[in-house]
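Read off the chains here:
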There are 2 protein chains.
Amino acid sequence: MTDRKQLVVNKAHQLFMEKGFQATSIQDIIDFSGISKGTFYNYFSSKNELLMAIFTSLHQRIDEERNRLLVGQDPSDLEIFIKQLEMHMEFNRRNKLFTLFEEVFISNDPALKQFLERIQILYIRWIYNRFVDIFGKIKQPFLLDCAIMFTGMLHHNIHFHFLANQMDGNIKKVIRYTVHRIEKMVDEIEISGDQLLKPSILEKWLPDCYTSREALEKKLSGIVLALKKCLTDNKEQLKYLELLDFIQDEIIQAKPPRKYLVQSALFTLGNNQEENWKVELRKLEEIIGEFFSKKENDES
Amino acid sequence: MTDRKQLVVNKAHQLFMEKGFQATSIQDIIDFSGISKGTFYNYFSSKNELLMAIFTSLHQRIDEERNRLLVGQDPSDLEIFIKQLEMHMEFNRRNKLFTLFEEVFISNDPALKQFLERIQILYIRWIYNRFVDIFGKIKQPFLLDCAIMFTGMLHHNIHFHFLANQMDGNIKKVIRYTVHRIEKMVDEIEISGDQLLKPSILEKWLPDCYTSREALEKKLSGIVLALKKCLTDNKEQLKYLELLDFIQDEIIQAKPPRKYLVQSALFTLGNNQEENWKVELRKLEEIIGEFFSKKENDES
DNA sequence: ATCATTTTTGTACAGGCAGTATAATGAATC
DNA sequence: GATTCATTATACTGCCTGTACAAAAATGAT
């Protein structure tokens, strides 16, 4: 994405935050960004497409931050989860994402509609996966229901919390409150055995072409980031940096990745003996392994 | 509201359900309703105002239905509450109210925004009041939080339920599931003693000029309806009908009601000795008493 | 039945927006 | 220096909202 295009995205986001999405005309965006109409339509085919670019951009940033908080931590630690939620909610508040999302949530444009639905499901799935980390695999059958209810509770609680205390209340209390509730509810549901939705439906909702691709890319970049953090500025370690970048590019590129080259690079990465490094490297090996086995399955 | 005006409301609702709110232009509504542009703007000053008329109309119908289900029943009976929810959700589904509401939930028009917020809060308050009926006054301090979380959970559950089973799943299961969850949660929260919002904030959210008026009118019509149902077609009992209608009109009229006339009418209503009648009559006396004492407070 | 008042209609108009088309301008590349 | 490409300015179509107003129709009172 060009700098110029990104500038338009940022300027538009700014206008949407100030005036709302519907109330902002393309003309406004053009004037505010200092570009011509032709350029705008060169970048985006419509206001909706621009909106999607905004969401994508913000979504990526959230995801990076979330992964950063998890790096080198115990994924079953509830406090980490709470920290992630706090970051996410604070981010949403700062960027008026709640408002923006709600304003366009139901749209006539099927493309936008589908796009937003996907974002929402990705969000639910993230919660679900974290719940599996936290509450354990035994409770997995109930955790999709819990993830759905949790997001409903949390967003409603935050909504009315803001209605009550104009912005100056602390969200943290609300998050902790809601997390406490879901903790107890998980136990209760396991005892009752009730289930509404099977977690396997997530795979149906997120077609493989999307999930494996995008989720993989995100996981990948998260782990690579974590690995890079382990590196010092040693000459020795610069080669690891190169290898990491190579692997990430090779997988993300649309062209068929050269499997054995990647594996060889992975093997070399194993030479680094740092503690955190090894943990993260194992994750990297795991998802790359999954990636290739899935790929070969698809081809056969 | 004229028949003609109501016709436009219905026709517009039909179009909104088919094509969505945003995608329907005023011209569409005019053509579909067979009226002229002048007439439209005679009835409504904008599309938003028409939308509010639709919501008001549907909201009234929901409220009537809800009260009808409660008439002569034990308000603490959970099964009645579930029936009310089933009716409401089924009504929403039939009239695509979920969609419509979501589509316009965030609006640039401050009037519409406020209107919708009020509807939402009225809904929360209804749930809250029913929770007080069901779970008892002891748990009152926690029940606003519970009402908020319950609506969040329910709507999210229903949303994803529809996503999973295209319309053909039964909502009833989802409702029961969610009600079960909140039942347990109420107990859990009471033990923990956590509270986010004090129920008294409801009065702040719904300014008196609205609450006392509208809530009163609704309660009133509900109780009067219940009382009318107790009546048979006896000549004897026709006078009660007259008295009931008189009281209702006198209170709802904007002009200052004649207090002593109303009280006398109430006294006469006490002559009927039926069992259900007496229960409902006591409620009637109670809210009318509240109404007058509040009124005198305001005037002093 | 007649007259006055209100409602409705048809039509025209101003102003705004989305999206397209195109010729002119500018800058970087080869 | 020529070519290519993104960018600009501008004009244009078509659709929409909201206003205005005079003619026609319906309503209601006498």
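Residues numbered from 1 in each chain as written. Chains lettered and ligands numbered in written order. Predicted model: local features only at pLDDT ≥ 70, side-chain atom pairs only at ≥ 80, totals over all residues. Heavy atoms only, no water.

Draft legend 1. Geometry of the interface of chain A and chain B. The interface is formed by 41 residues belonging to chain A together with 41 residues belonging to chain B. Across the interface of chain A and chain B, roughly 4,000 Å² is buried in total on both sides, 65% from carbon and sulfur atoms. When the area that chain A buries against chain B is broken down by residue, the three leading residues are Phe160(A), Tyr177(A) and Leu196(A), summing to 17%. Scanning the region where chain A abuts chain B turns up 4 salt bridges. With its nearest N and O atoms 3.3 Å apart, the salt bridge here joins Asp194(A) to Arg181(B). Scanning the region where chain A abuts chain B turns up 8 residue pairs in polar contact (both at pLDDT 80 or more). Breaking the side of chain A that touches chain B down by element, the ones donating at least two residues are helix H6 (97-104), helix H7 (110-135), helix H8 (140-164), helix H9 (171-192) and helix H10 (201-205) of chain A. Among the elements that make up the side of chain A that touches chain B, the one with the highest residue count is H8(A) (12 residues). (Contact = heavy atoms within 4.5 Å. Buried area = accessible area lost by both parts, 1.4 Å probe. Salt bridge = Lys/Arg side-chain N within 4 Å of Asp/Glu carboxyl O. Polar contact = N/O pair within 3.5 Å; in protein donor to acceptor, adjacent residues only side chain to side chain. Helix = DSSP H or I, 4+ residues; strand = E, 2+ residues; numbered from the N terminus.)

Draft legend 2. The relation of the copies chain A and chain B, seen in detail. If you rotate chain A by 179° and push it 0.1 Å along the axis, it lands on chain B with an RMSD of 0.4 Å. With respect to symmetry, the two chain copies, as superposed, fit the operation of a two-fold axis. Across chain A, the smallest distance between a C-alpha and the rotation axis is recorded for Gly152(A), namely 2.2 Å. A share of 100% of interface residues in chain A that are also interface residues in chain B marks the association as one of identical surfaces. (Least-squares fit on C-alpha atoms with pLDDT ≥ 70 in both.)

Draft legend 3. Seen up close, the pattern of salt bridges. Residue and element names in this part refer to chain B. What the rule picks out here adds up to 24 salt bridges over all chains. Among the ionic pairs, Arg93 bridges to Glu90, the shortest N-O distance being 2.7 Å. Pair noted here: Arg93 and Glu90 are both in helix H5 (residues 78-94), with a separation of 3 residues, about one helical turn. The partly exposed category is assigned to Arg93, whose relative accessible area is 30%. Taking the relative accessible area as the measure of exposure, Glu90 reaches 28% and is therefore partly exposed. (Buried < 20%, exposed > 50% of the residue type's maximum accessible area, 1.4 Å probe, protein only.)

Draft legend 4. The domain arrangement of chain A, seen in detail. By the assigned domains, chain A splits into domain 1 (1-44), domain 2 (56-201) and domain 3 (213-299). Relative placement of domain 1 of chain A and domain 3 of chain A: their C-alpha centres are 37 Å apart. (Domains from an automatic or database assignment.)

Draft legend 5. Structural context of the protein's contact with DNA strand D. In the neighbourhood of DNA strand D, the contacting residues comprise Arg4(A), Ile35(A), Ser36(A), Gly38(A), Thr39(A), Asn42(A), Tyr43(A), Ser25(B), Ile26(B), Gln27(B), Lys37(B) and Tyr41(B). The sugar and phosphate moieties of DNA strand D supply 64% of its atoms located within 4 Å of the protein. Contact between DNA strand D and Ser36(A): a phosphate oxygen at 3.2 Å from a main-chain N or O atom of the residue. A distance of 2.9 Å is found between a phosphate oxygen of DNA strand D and a backbone nitrogen or oxygen belonging to Ile26(B). (Near = heavy atom within 4 Å.)

Draft legend 6. Spotlight on empty space enclosed by the protein. Within this structure, the stated rule accounts for 1 cavity of 30 Å³ or more. Taken as a whole, the largest cavity holds about 40 Å³ of empty space. Secondary structure elements with two or more residues in the lining of the largest cavity: H8 of chain A together with helix H8 (140-164) of chain B. Ranked by residue count, the leading element in the lining of the largest cavity is H8(B), at 3 residues. Looking at the lining of the largest cavity residue by residue, the classes come out as 4 nonpolar, 2 polar and 1 charged. (1 Å grid on protein atoms, 1.4 Å probe; cavity = no way out; pocket = protein on both sides within 12 Å on 5 of 7 lines; lining within 4 Å. Points joined across faces, edges and corners; volume = space filled by probe spheres on them. Nonpolar A, V, L, I, M, F, W, Y, C, P; charged D, E, K, R; others polar.)

Draft legend 7. Here's a closer look at helix H5 (residues 78-94) of chain A. All names here are of chain A. A rise of 1.5 Å per residue sets the reference length of H5, with its 17 residues, at 24 Å; its end C-alpha atoms lie 24 Å apart and thus fit the reference within 8%. Burial runs high along H5: 12 of the 17 residues are buried. Where H5 is concerned, the buried positions are Leu78, Ile80, Phe81, Ile82, Gln84, Leu85, Glu86, Met87, His88, Met89, Phe91 and Asn92. The secondary structure elements touched by the buried residues of H5 are helix H4 (47-70), H6, H7, H8 and H9. (Expected span 1.5 Å × (residues − 1).)

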